[in-house]
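# Observations on the model geometry
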Amino acid sequence: MQTLQTDELFHILERMVSLHRTLIGVLAEEYSHMTSIDVIGLRETAQAKEVLVNEIWNLEQMRIKISEGMAKNLNTDHTLESIASALPQNASERLRVSRTALQILMDRAKESNQ
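Reading the values: the criteria
Residues numbered from 1 in each chain as written. Predicted model: local features only at pLDDT ≥ 70, side-chain atom pairs only at ≥ 80, totals over all residues. Heavy atoms only, no water. Helix = DSSP H or I, 4+ residues; strand = E, 2+ residues; numbered from the N terminus. Rg over C-alpha atoms; globule rule 2.2 N^0.38 Å. Buried < 20%, exposed > 50% of the residue type's maximum accessible area, 1.4 Å probe, protein only. Contact = heavy atoms within 4.5 Å. Lys, Arg positive; Asp, Glu negative; His and termini not counted. Charge placed at Lys NZ, Arg CZ, Asp CG, Glu CD. Expected span 1.5 Å × (residues − 1).

Take the overall build of the protein chain next. Summing up its helical and strand segments, the protein chain has four helices and zero strands in all. Mapped in sequence order, the helices and strands of the protein chain form the string α-α-α-α. Over its C-alpha trace the protein chain gives a radius of gyration of 17 Å, far above what one expects of a compact globule, namely 13 Å for 114 residues. With the C-alpha coordinates of the protein chain rotated into their principal frame, the extents come out at 55 × 20 × 20 Å. Relative to its 114 residues, the protein chain shows a buried fraction of 34%. Long-range contacts, defined as pairs at least 24 residues apart, comprise 62% of the intrachain contacts of the protein chain with a sequence gap of at least 6. Looking at the protein chain, you have 12 positive and 16 negative side-chain charges, and the mean spots of the two groups are 3 Å apart.

Let's shift gears to helix α2 (residues 39-74). An α-helical turn contains 3.6 residues, so any two residues separated by three or four positions project in the same direction. When the terminal C-alpha atoms of α2 are compared, their 51 Å separation across 36 residues agrees well with the 52 Å that a helix rising 1.5 Å per residue should span. By the burial criterion, the buried members of α2 are Gly-41, Thr-45, Lys-49, Leu-52, Ile-56, Leu-59, Arg-63, Ile-66, Ser-67, Met-70 and Ala-71. Looking at the residues trailing α2, positive phi occurs at Asn-75, about 55°.

Next comes the structure, spelled out in structure tokens:
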């Protein structure tokens, strides 16, 4: 059961990382359309951004649910760092790398969206 949850969590995090990379590209494109006053392009990128944000939100809800289940099974807090500390070394390192990559991309997306 734990391996299945761990694999599912990794899959969700990998998908979230991919979506955040795409979101950063869309935000750059959106900025370009704003600076060139391209209303049609701006509308298209706004729609693409909305789809990405909704998908990211749905994945985040799934990640939370899985993390809570794993935390209960591991008798730890439901944060990714706590879960990583309770996992075997290989899984722990992989989870920490995924968490760090996601955090960096989330920070870049926030900066790009300001």
